[in-house]
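One-letter residues, chain by chain:
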Amino acid sequence: MTDELFQSIRSAASSHAWSRAVELVRADAVAGERQEENEIVVRVATRGDLISPTVTLFLDDEDWDCDCGTSEDVCEHVAAAAIALRRASSQRQDLFSRGASHGRIGYRFSREAGGLALERVVVTGDEETLLTTTLVAVASGRVEGPRFLATRADLSIEQTLGSKRRGRVPRGILPTLLRQLAECPDVKLDAEPVVTSAAEVGFVALVEDDDGGFRVRVARDDSAAESFDNVAALCGKTLRPLQTTRLTGREIEDFTRNGKHFAADEAVRLVTDILPALAERIPIEVRTKRLPTTVREQPRLEIEVSRNGEALSVLPILVYGDPPIARIDAGRLTPLGDGPLPRRDEAAEEILIRRLQHELALLPGRLLPGRRFEVSGEAAITVAEQLERFSGKLRGSVHKQFFRAPQLEARLRGGDGRFDVVFSSDVDGTPHHASSRRVLAAWRAGESLVPLEGGGFATLPTDWLTRFGDRIADLLAAKQATGDLPRAILPELARLYQDLDQPLPPSLKGLGSLLDADGEIPQASLPEDLSASLRGYQRRGVDWLCALRDAGFGALLADDMGLGKTIQALCALRGRTLVVAPTSVLFNWRNEIERFRPGLTTSTYHGPSRRLDPDADVTLTTYALLRIDAEILCAEHWDTVILDEAQKIKNPDSQVARAAYRLQADFPMALTGTPVENRLEELWSQIHFTQRGLLGGRRDFNERYERPIGEGDAQVTARLRARIAPFVLRRLK
Ligand SMILES: [Zn+2]
């Protein structure tokens with residue numbers, strides 16, 4: 001205690017503080033705590049107060065401090081300290097001697113089964129008195145006990161101990177207690193002085209080489225030499241709280257004791273998944289050099305968008321890094337390349353997956369990274385709209401093709417033998433086309449959308465298809481491999497143009513009169529050598545035959561027997577003509593030609609010495625010879641071929657029918673009184689001879705006409721009637 005410091009305190013103290021300080025010194029309230037070269041610490045026991053303020057005097061700096069919390073520059077405690085120290089030095093007393101009258105609180109730990117026990121003692125000189133009650137009780141005088149000076153820390157510790165003031169320390173309070181004891185100078189463990197610290201002794205996860213792979217083992221930090229009841233540990237001379245484990249039960253089972261082995265090929269999972277999860281809770285100490293290196297990367301979502309036919313194919317991918325260094329497949333991390341691996345963040349992954357499912361609003365649980373799914377139709381358009389707003393990265397842009405285009409419009413195109421229906425949708429001023437085959441298939445299947453060439457999906461023109469779809473389908477079915485329409489189909493095509501109010505292409509204009517039954521057929525000029533007068537209906541029949549002939553078509557004249565089919569045929573034949581008739585009527589034909597067309601020369605191809613006369617106007621033969629001499633008769637080119645009693649070729653599989661189909665004629669004509677006796681196929685056969693292609697192939701005819709008509713489909717019956725009408729004429733008696 002220097003004079004200078006004493007004078008400084010004296011002059012800064014208020015008179016009130018100074019007089020109270022004098023009283024404290026008289027009451028022997030000041031006790032030395034410790035004395036060093038530049039610093040003196042004393043305690044001042046104030047009457048009635050439990051806590052003794054601590055005064056520190058700084059000799060070199062002529063400064064002071066008191067922990068009583070006063071706002072005064074010099075409090076009574078600082079003044080008392082100055083007076084007491086000055087008096088002690090003049091009277092040669094020792095304030096710091098062991099015999100000081102005030103005890104201090106000491107803390108005594110002992111090792112007990114199941115943990116640490118604690119006692120508090122009052123240390124006075126060499127004497128230790130066990131404290132069995134509270135500091136408050138002793139200080140107030142309610143309970144007899146040694147005098148002591150308590151610190152704030154002593155009081156806090158008493159609060160922490162609560163009612164459990166002696167004996168084994170409850171597990172829950174030990175960490176707090178060790179923190180508070182760090183401020184207390186007199187702590188012993190079984191008579192050995194120790195210090196305490198709030199710094200926790202932790203766990204560490206060790207990763208070591210192990211039999212070609214790795215071993216992960218959770219162990220206590222090495223510095224803990226001795227632990228007590230899993231709550232505290234002695235590290236050298238310091239008692240520290242043990243970190244409470246934050247491992248899961250499963251992890252404790254896996255990693256404590258001997259730890260867990262991981263094979264070499266599990267290194268990726270170890271560094272990206274298992275170790276990062278542990279590292280969030282305990283330090284990791286890697287004692288192997290063989291682990292792959294890792295980096296901190298955020299997971300990201302990418303969606304690979306592609307097109308599979310008419311379907312939109314979507315593959316969400318969960319990756320780390322940009323560009324990606326790893327991908328998550330079915331919950332496992334797959335490295336992409338040889339670089340460092342990302343540490344997995346499964347919580348962040350989960351958030352991304354939820355966002356994915358939210359933004360694409362599909363079935364929850366269905367949309368998972370690494371799992372491809374495909375959608376088509378309306379759903380594809382919806383998904384494409386959602387992809388457009390997706391917040392992650394898209395790979396590919398093919399989803400832009402999945403949008404709703406305006407309804408399709410149909411237009412016929414072609415005419416001179418070629419034909420197609422053009423379906424198009426106006427997409428921002430550009431026509432996008434749809435294949436007519438696809439449109440009809442979608443219409444039949446009851447679908448509502450068809451894909452467009454160039455992108456987009458358009459709704460079907462359903463009303464239009466209801467009116468014309470079947471006829472369009474017939475025309476498309478009749479189209480030959482070359483894309484050309486058979487000539488027989490052209491009237492049908494022309495009628496469709498008319499029904500659609502589209503102008504007829506020039507090549508179809510000549511067909512006008514054949515298109516409907518009430519049409520005016522131009523009057524034909526009759527042969528000059530004709531020596532017969534025709535009845536009215538016969539004259540109309542001749543006009544009809546000649547109109548077909550001049551337009552390049554064949555004809556099936558199916559008038560009832562006795563209405564004069566022969567005379568009508570004789571008026572319409574032109575050029576070199578072959579007549580095939582049953583043997584029984586062969587000579588009747590010869591007679592009628594001589595009688596009604598005396599200008600024509602005839603030759604009968606019949607008998608063992610038969611030969612073709614190239615100069616005869618009309619060659620007569622039989623169905624038997626057509627079958628036998630097909631090679632000869634089919635090698636010739638005929639201007640007109642007439643099959644009389646044409647039901648003879650009703651079976652398309654018969655040799656005679658097949659021979660008839662092969663005859664080459666500019667004007668094929670079939671005469672019959674009974675075009676259909678049993679099966680509709682008989683009609684097909686005769687029309688296949690006169691107007692090949694009009695009814696398509698046999699199988700096609702069976703499916704589209706014969707079967708539905710057999711089942712009583714009136715619409716199909718009407719369609720067949722309309723189709724053959726221009727080429728078949730039948731009057732009844
Ligand atoms: Zn004070």
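Here, the structure is the one placed above.
Cut-offs used in this document
- Residues numbered from 1 in each chain as written.
- Predicted model: local features only at pLDDT ≥ 70, side-chain atom pairs only at ≥ 80, totals over all residues.
- Heavy atoms only, no water.
- Donors = N, O, S within 2.8 Å, 3.2 Å for Na, K, Ca; no water.
- Tetrahedral: all angles 85-135°; square planar, octahedral: opposite > 155°, others 65-115°.
- Buried < 20%, exposed > 50% of the residue type's maximum accessible area, 1.4 Å probe, protein only.
- Pairing = 2+ DSSP bridges.
- Helix = DSSP H or I, 4+ residues; strand = E, 2+ residues; numbered from the N terminus.
- Axes fitted to C-alpha atoms, helices over the stretch in contact; angles between N-to-C directions.
- Contact = heavy atoms within 4.5 Å.
- Core = buried A, V, L, I, M, F, W, Y, C linked by side-chain atoms within 4.5 Å.
- Salt bridge = Lys/Arg side-chain N within 4 Å of Asp/Glu carboxyl O.

Q: Could you give an account of the coordination of the zinc ion, with specific residues and numbers?
A: For the zinc ion, every protein donor is listed as Cys66 (SG), Cys68 (SG), Cys75 (SG) and His77 (ND1), and the spread of their distances is 2.0 to 2.5 Å. Around the zinc ion, the four donor atoms are arranged such that angles at the metal cover 95 to 118°; this shape is classified as tetrahedral. Coordination of the zinc ion draws on donor residues from a single chain, spaced C-x1-C-x6-C-x1-H in sequence. The residues cysteine 66 and cysteine 75 share a single accessibility class, namely buried.

Q: Could you give an account of the sheet that holds strand β30 (residues 419-427), with specific residues and numbers?
A: Spatially, three strands are ordered β29-β30-β31 in an open sheet, and the strand pairing comes out antiparallel. Taken across any chain shown, the strands that pair with only one partner, and hence form the sheet edges, are β29 (409-414) and β31 (430-434). Going from strand to strand, the sheet's axes swing by 45° on average, the running direction of each strand aside. In the sheet, β30 pairs with β31 via five bridges, with the strands oriented antiparallel. In the strand pairing of β31, serine 424 is matched with histidine 433. Strand contacts of helix α11 (residues 436-445): β30 and β31, with the helix running at about 80° to β30, the strand carrying the most contacts.

Q: Kindly report on the nonpolar core, identifying the contributing residues and their values.
A: The biggest cluster of nonpolar side chains holds 69 residues, and the ones touching the most others in it are Trp589, Leu626, Leu643 and Ile649. By residue number, the principal contributor to this core is helix α14 (residues 536-551), which donates six residues. Discounting chain neighbours no more than four positions away, the residues touching tryptophan 589 are Thr566, Ala569, Leu570, Val579, Ala581, Leu620, Ile642, Asp644 and Leu671. Membership of the second largest hydrophobic core comes to 45 residues, among which are Val271, Ala380, Val383 and Phe390.

Q: A description of the pattern of salt bridges should follow, citing residues and the corresponding values.
A: Tallied over the entire structure, the rule returns 57 salt bridges. Measuring nitrogen to oxygen at the nearest pair gives 2.8 Å for the salt bridge that ties arginine 471 to aspartate 499. On the criterion of sequence distance, the pair formed by arginine 471 in helix α12 (residues 462-478) and aspartate 499 in helix α13 (residues 490-499) is long-range, its members being 28 residues apart. When its relative accessible area of 17% is taken as the criterion, arginine 471 is described as buried. Across the salt bridge formed by arginine 610 and aspartate 629, the nearest N and O atoms sit 2.7 Å from each other.

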